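# Chain and residue survey
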Amino acid sequence: DAVEQGCDAVFLDLHGAMVVADRTDDGEGALLEKIRAIAPRVPIAASLDLHANLTERMVRNCDVIAGYKTYPHVDQYEAGQRAGGILLRALKGEVKPVMAWGNRPLLAQTLRENTGERPMKDFVDAARAAEKQGLLAATAFGGFQQADIHDAGISVVTVADGDRAKAQQACEAILDVAWRQKEDF
């Protein structure tokens, strides 16, 4: 209702693995799609939990996505600051965020998603390295396999400044880090 009244931007702090048992496997995707339908030209950003089951529907209806890089989660503020900061810079015309998203058929066991230990540490470190190399944001999601949906599992979203090819190349490289260690997950 608030979006329908008019706004300059939408920024949401979501989990990313909401399943509504008899309605949708993608609660956040449905929410973002409704917001996009109400405000098709309003930029939308979201921060997500490291355990998000990122979907094409979520990505298609957002302009910026950034997620936590720690489990246990101690960087919620930083993830929100990153997503919100990119959104504000876009509103000022300083950047033109473009995203790339991908996944691999891999369900990481939750206990193997501790970001202080391999293999998850390597996966997240690859996302951090991509940011240091100039991406606006890069997130390696461990996913939430207990959701038991088609899109459960590891995924990556990258945000570049106007260069979709750069975002896609980084996304694939980060996913490859996890795939090479699939047995360890």
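What this report covers is the structure whose coordinates are included nearby. For clarity, every value in this text was computed on a predicted model and none was experimentally measured.

## Quick look at the overall build of the protein
Regarding its fold elements, the protein presents five helices and six strands. Each helix (α) and strand (β) of the protein, taken in turn from the N terminus, gives the series β-α-β-α-β-α-β-α-β-β-α. For the protein, whose C-alpha radius of gyration is 15 Å, the value lies close to the compact-globule estimate of 16 Å for 185 residues. On the principal axes, the C-alpha backbone points of the protein span a range of 50 × 40 × 30 Å. A total of 185 residues make up the protein; the buried ones form 52% of that total. Carbon and sulfur atoms make up 50% of the accessible area of the protein, which amounts to about 9200 Å² in all. Positive and negative charge centroids in the protein, built from 21 and 28 side chains respectively, lie 6 Å apart.

## Describing the sheet that holds strand E2 (residues 44-48)
Ordered in space as E1-E2-E3, the three strands form an open sheet in which the pairing is parallel. Pairing within the sheet leaves two strands with one partner each, and these edge strands are strand E1 (10-13) and strand E3 (64-67). Taking the axes of each pair of neighbouring strands and ignoring which way they run, one obtains an average angle of 10° across the sheet. Against the sheet, helix H3 (residues 76-91) touches E1, E2 and E3, its axis set at about 170° to E2.

## A word on the pattern of salt bridges
On inspection of all chains with the given rule, the structure shows twelve salt bridges. Between Glu131 and Arg82 there is a salt bridge, with the nearest N and O atoms lying 3.3 Å from each other. Placement of the pair is Glu131 in helix H4 (residues 120-132) and Arg82 in helix H3, with a sequence separation of 49 residues. For Asp125, the salt bridge identified is with Arg128, shortest N-O distance 3.6 Å.

## Structural notes on the packing of aromatic side chains
For the structure shown, the criterion picks out one aromatic pair. Arranged with centres 6.2 Å apart and planes meeting at 80°, the rings of Phe123 and Phe185 form a pair that is edge-to-face. With a gap of 62 residues between them, Phe123 in helix H4 and Phe185 in the segment after helix H5 (164-180) connect regions that are remote in the sequence. Using a relative accessible area of 8% as the deciding quantity, one classes Phe185 as buried.

Basis of the calculations
Residues numbered from 1 in each chain as written. Predicted model: local features only at pLDDT ≥ 70, side-chain atom pairs only at ≥ 80, totals over all residues. Heavy atoms only, no water. Helix = DSSP H or I, 4+ residues; strand = E, 2+ residues; numbered from the N terminus. Rg over C-alpha atoms; globule rule 2.2 N^0.38 Å. Buried < 20%, exposed > 50% of the residue type's maximum accessible area, 1.4 Å probe, protein only. Areas by Shrake-Rupley, 256 points an atom, 1.4 Å probe, with all protein chains shown as cover. Lys, Arg positive; Asp, Glu negative; His and termini not counted. Charge placed at Lys NZ, Arg CZ, Asp CG, Glu CD. Pairing = 2+ DSSP bridges. Axes fitted to C-alpha atoms, helices over the stretch in contact; angles between N-to-C directions. Contact = heavy atoms within 4.5 Å. Salt bridge = Lys/Arg side-chain N within 4 Å of Asp/Glu carboxyl O. Phe/Tyr/Trp six-rings, centres within 6.5 Å; stacked < 30°, edge-to-face > 60°.

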